[in-house]
Every structure is written in C-alpha cells, then in structure tokens.
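Structure at a glance
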Amino acid sequence: MIKAIRGMRDILPPETSRWQWVESVAREVFDLYGYQEIRLPLLERTELFARSIGEETDIVAKEMYTFPDRKGDSLTLRPEATASVLRAVLENRLEKGAGVKKFYTLGPMFRYERPQKGRFRQFFQINCEAYGVEAPELDVEVILLLMHILKRLLPGELRLLVNSLGCPECQVKFKAALGLFLINREGLCEDCQRRRTTNALRVMDCKSAHCQGILQDAPVIRDYLCPDCADHFARVLELLDRFNVAYELKPRLVRGLDYYTRTAFEVAAVGLGAQDAVAGGGRYNGLAKELGGPDLPAIGFAIGEDRLLEVLPENFGFDLRPRIFVAALGEPARERAFTVIQELRRKDLAAEMDFEGRSLKAQMSMADRLGATYAVILGEKEIATGLAQVRPMKKFSQETGGKVKLTEVGAGRTLEAQEQVPFEDLMDYLIRKIRDKENS
Ligand code: HAM
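Residues numbered from 1 in each chain as written. Predicted model: local features only at pLDDT ≥ 70, side-chain atom pairs only at ≥ 80, totals over all residues. Heavy atoms only, no water.

With respect to the pairing of strand β9 (residues 261–269)
- Here β9 lies mainly inside the structure; nine of its nine residues are buried.
- Two strands pair when backbone bridges link them, and strand β7 (residues 158–164) and β9 are joined in this way by seven bridges, in the antiparallel orientation. Within the sheet, the bridge partner assigned to Val162 lies in β9 and is Phe265.
- Across six bridges, the pairing between β9 and strand β10 (residues 277–283) is antiparallel. For Ala264, the partnering residue across the bridge sits in β10 and is Gly282. (Buried < 20%, exposed > 50% of the residue type's maximum accessible area, 1.4 Å probe, protein only. Helix = DSSP H or I, 4+ residues; strand = E, 2+ residues; numbered from the N terminus. Pairing = 2+ DSSP bridges.)

With respect to the site of the ligand
- Looking at the ligand, there are 27 residues lining it, with Glu80, Thr82, Glu113, Tyr260 and Ala277 nearest.
- In this structure, an oxygen atom belonging to the ligand sits 2.7 Å away from a main-chain N or O atom of Ala277.
- Take Ala279: an N or O atom from its main chain is 3.5 Å from an oxygen atom of the ligand.
- Of all the elements in the fold, those that place two or more residues in the shell around the ligand are β6 (122–131), β10 and β11 (298–304).
- The biggest single contributor to the shell around the ligand is β10, with six residues.
- Each residue belonging to the shell around the ligand can be placed in one class, and the counts come to eleven nonpolar, nine polar and seven charged. (Near = heavy atom within 4 Å. Polar contact = N/O pair within 3.5 Å; in protein donor to acceptor, adjacent residues only side chain to side chain. Nonpolar A, V, L, I, M, F, W, Y, C, P; charged D, E, K, R; others polar.)

Focus: the layout of surface pockets
- Approximately 550 Å³ is the volume attributed to the second largest pocket.
- Along its surface, the second largest pocket is lined by 27 residues, and Pro168, Thr261, Asn285, Gly286 and Leu287 are the ones closest to its centre.
- In terms of residue count, helix α6 (residues 168–182) provides more of the lining of the second largest pocket than any other element does, four residues in total.
- For the lining of the second largest pocket, the per-class residue count stands at ten nonpolar, seven polar and ten charged. (1 Å grid on protein atoms, 1.4 Å probe; cavity = no way out; pocket = protein on both sides within 12 Å on 5 of 7 lines; lining within 4 Å. Points joined across faces, edges and corners; volume = space filled by probe spheres on them.)

A short note on the sheet that holds strand β3 (residues 65–68)
- Strand order across the open sheet formed by three strands is β2-β4-β3, with antiparallel pairing between neighbours. Pairing within the sheet leaves two strands with one partner each, and these edge strands are β2 (43–45) and β3. Each adjacent strand pair in this sheet contributes to an overall mean axis angle of 35°, direction not counted.
- Inspection of the sheet shows β2 paired to strand β4 (residues 74–77) by three bridges, in the antiparallel sense. Bridge pairing links Glu44 to Thr76 in β4.
- Helix α2 (residues 46–53) rests against β2, β3 and β4 of the sheet, and its axis sits at about 75° to β2. (Axes fitted to C-alpha atoms, helices over the stretch in contact; angles between N-to-C directions. Contact = heavy atoms within 4.5 Å.)

Thoughts on the pairing of strand β13 (residues 350–353)
- Sheet topology note: the strand β12 (residues 323–328)/β13 ladder contains four bridges and is parallel. The residue bridging Val326 from the neighbouring strand is Met353, located in β13.
- Read from β12 through helix α12 (residues 331–346) to β13, the crossover connection turns out right-handed. (Right-handed = clockwise from strand over helix to strand, strands pointing away.)

Focus: unusual backbone geometry
- Put simply, Pro13 and Pro14 share a cis peptide bond, and its omega is 5°.
- Structurally, Pro14 is set in the segment before α1 (15–32).
- Positioned with a positive phi, Arg255 is a non-glycine residue whose angle comes to about 70°.
- Tracing the sequence through the fold places Arg255 in the loop between β8 (248–249) and β9.
- Judged by its relative accessible area of 11%, Arg255 is buried.
- Despite not being glycine, Arg262 shows a phi value in the positive range, around 55°.

Focus on α2
- Burial runs high along α2: six of the eight residues are buried.
- Along α2, the residues that are buried comprise Thr46, Leu48, Phe49, Ala50, Ser52 and Ile53.
- Within two residues after α2, Gly54 carries a phi angle of roughly 105°, on the positive side.

Focus on α1
- Over its 18 residues, α1 runs 26 Å from end to end, which matches the ideal 26 Å to within 8%, given 1.5 Å per residue.
- Every buried residue belonging to α1 is among Ser17, Arg18, Trp19, Val22, Val25, Ala26, Val29 and Phe30, and all of these are buried.
- Along its buried surface, α1 packs onto β5 (101–110), β6, α5 (136–153), β11 and α11 (305–311).
- Phi turns positive one or two residues past the end of α1, at Gly34, with a value near 80°. (Expected span 1.5 Å × (residues − 1).)

Right, here's the structure in full:
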C-alpha cells in the first residue's frame, strides 16, 4: 500500500473542524486589525528564498525541497511565506500609496527537517505581514495582533520573547565582534566553524548544545545597537509595558532567517516540549531592496498551526451544530425522509438519513454516532396517520463539550419528551426546536 511521505500527514475529520475553527478565529482577528487575505503559489523560483532567507541558514542550506522543472529552472516548494508575500506585493505594486499595507495568508510550508513531535516536513502557517511604516507603534500593533489571536485560542501560558537585531550597520559591528570572540573557540561544529567567518550571527541559531555552551559568554547584539535602533527598541518595550503585554528580553534571540532587522520575537507555549515556539516574527526592513524593490519597511509573524493545534484545548472547535437524523422504515417512509432531509438542508439545517434499508435500531445508533440532536422517525404507522415522531436523542455530542463522542446525558438534566408532529408542521417545528437549542 502506498503511504504518505515521511513528515507529511493527513489531517482527518473530526480534527479538521478544529483547524477550521482556528483559521476562522484568525481571520476574524485579522479583519479586526484591517488585514486582507492574499493567496500565493506554493512554488517559487529557488533564488527568491536563497536571497531572502540567506544561504547560510539551515533552511536554505539543508531543508528546501528544490528541483529543476521540465525546462531546467530551479524551483522550490516554499519553506515560509514572507519572501513570497513580498514578491507578490512588489510584483503587483501593492506597496504603493500612503499608510500601512496589511496582508495575511494561510497555508502549507515545506522544510526537509528531521520529523519529530511538533516538527513536520509539510506544516501549516498563519502568516501576517505589514509594509510601509518604520514606527515602533506598528511593531507593537503586530505583536498585539499576534497575542490577540493566540489568547483567543490558548488559555494556557504563553511566553513572548523579544530582542532587537539592529540595522545592517549594527549587525556588521556585532558580527565582527562575535567572529572575533569565536575565532579561537575549540569544538564548534563543522557548520559553525565556517559560519564564524561567513555569517557569525548564524552560530547563535545553531542547534548543537556544544555550540550553544560556547556562546554563553559571547557578546550580545544589544550592546552594539546604534542610537536610532536603541531608541526604536526602547519605544517598543515602553509600548508593550503600556498595554500590559508581558515579555521576556532574550538578548540571544536571532531567529532562523537572515532577513530580520530591529525587533525580533517568538512566542513559546507551555506544554509543547522541545519544539515550543508556536509563533515567530520580526522586522525585515531591508528585504524589499534586496529583492530589487524600493526601500520598504516591513514586519510580520507566522504562527505554526500544527503546534498551536497541539495545545488547543480538547473541547475547542469541534462541530457543535445540532443535527437531525431522519430514520425511515419501508419504501414510502424512505421516500418522504429523502424529501425531508433535502428540505432541512435548504433551510440550512444539518440533516442525515440511512440509504441502505437498515433496521430502526441500527438507524438510531447511526443517529447517535453522528451526534444527532433530534431523530425524526417515519414508519408505516407514521405514514398512515400523517404524524412523525420527533425524538430528542438520549445521547448526543454536545454534552461532551463538542467532541464527537457518545455520552449519556448527565443526571439532573431532564430530557424533552418524544412528540408527534403532523407532517405539514414538521419543518417549522424542527426549525423552531433547533433555533431554540442554538440560542440556549
Ligand atoms: P519561523 O520561525 O521559521 O518563521 O516559523 C514560524 C513558526 O512556524 C514557528 O514558530 C513554528 O511554530 C512553525 N514551524 C516552523 N517550522 C516548522 C516545522 N518543521 N513543523 C511544524 N511547525 C513549524 C517564519 O517562517 C517567518 N516567515 C515568520 C515571519 C513572518 N517573519 C516575518 N513575517
């Protein structure tokens, strides 16, 4: 049997309804802050990522899915969205005009990493990017937006880690100092021995515990910030304080991509284990120019959706819609049931029936399995009298907080009685019952 590729997985129902829930909350919050959706190709020219993310990063050096197309052009499955969003913005001139330009995008990213808990080769991000404004107010607004989405979804503890990576001038000075510090250090991994001369900042992002140990006494970029960058960062922190956003200063936070300037941040979720970064982002003021565009200040973040889903509370996001199951016995009843479910759906009510002529008992357990709120029973007697039986289900999913799982209704909850409803009133009766349930 052919199986899915390692590190890539199927996201199956009912889990998919949790994903839809997360995405709908994100869309709602983006809308609140004035962000618009942008949808992009999954494939881009390799050069776009090599130039943006940086040749010395793990992503570009080791993790990209790169291949020649039939004409021999080198293409790459996007490992992140920031470079693609900016490419699309510049190509379509969306940066023109005054004010902040705000976009978001959702979708899969691809990195050839070692799969483990919380780390996949195809994973999903919720991305946010804002262009055109240098002011620290925008940095803070973007962080507030990120925390707004996360707090709507995660009641657990979140740690916001912040740093400033300065402008290119600060970075040149800092890299020189760091390179000097590293020059005589023994035992750096092979990659870092090279990086200390090619791009010393990347040593700080190395995953080797030994390299991290060596860095304990290394200089920190905060001491190399020019006055403008220091002021910018001080204002960001002052505003975070003003809005009561708790943060931790992380002077060694550099992020895994080369394009960052000034503010950089990550959010760690407690309970995720080793891969606890649920989101990351920062400013990247130089990237537009690097890609041949104008000077364009930019800032953004990406939430790792797979990781977020792992810490999403159990009872969040399952489909809570009341459902009606129409159980029918005999051909005339089945004919009527088929009409009833189509009419219910036309009224935007979720309805199901059995098409395989099962026994009433089997149909009722099907109704249970589907988490139906009401069963409508149509048998020979009902067809003869013109009265349908409407039975509130004894077991239904809502009692579990939405998870599609069968649970007996708890003690103390009185069940509504089964009722007989004339066929001509059935639709109005069910609509009223369901609406009452939705509003209760
Ligand atoms: P990143 O830190 O590489 O940043 O990724 C952002 C988030 O994506 C991580 O915090 C993590 O939750 C998730 N993630 C990354 N790799 C994996 C993986 N292999 N499996 C599961 N989840 C993963 C960026 O991608 C930047 N483009 C963010 C950004 C937007 N900066 C400015 N704008």
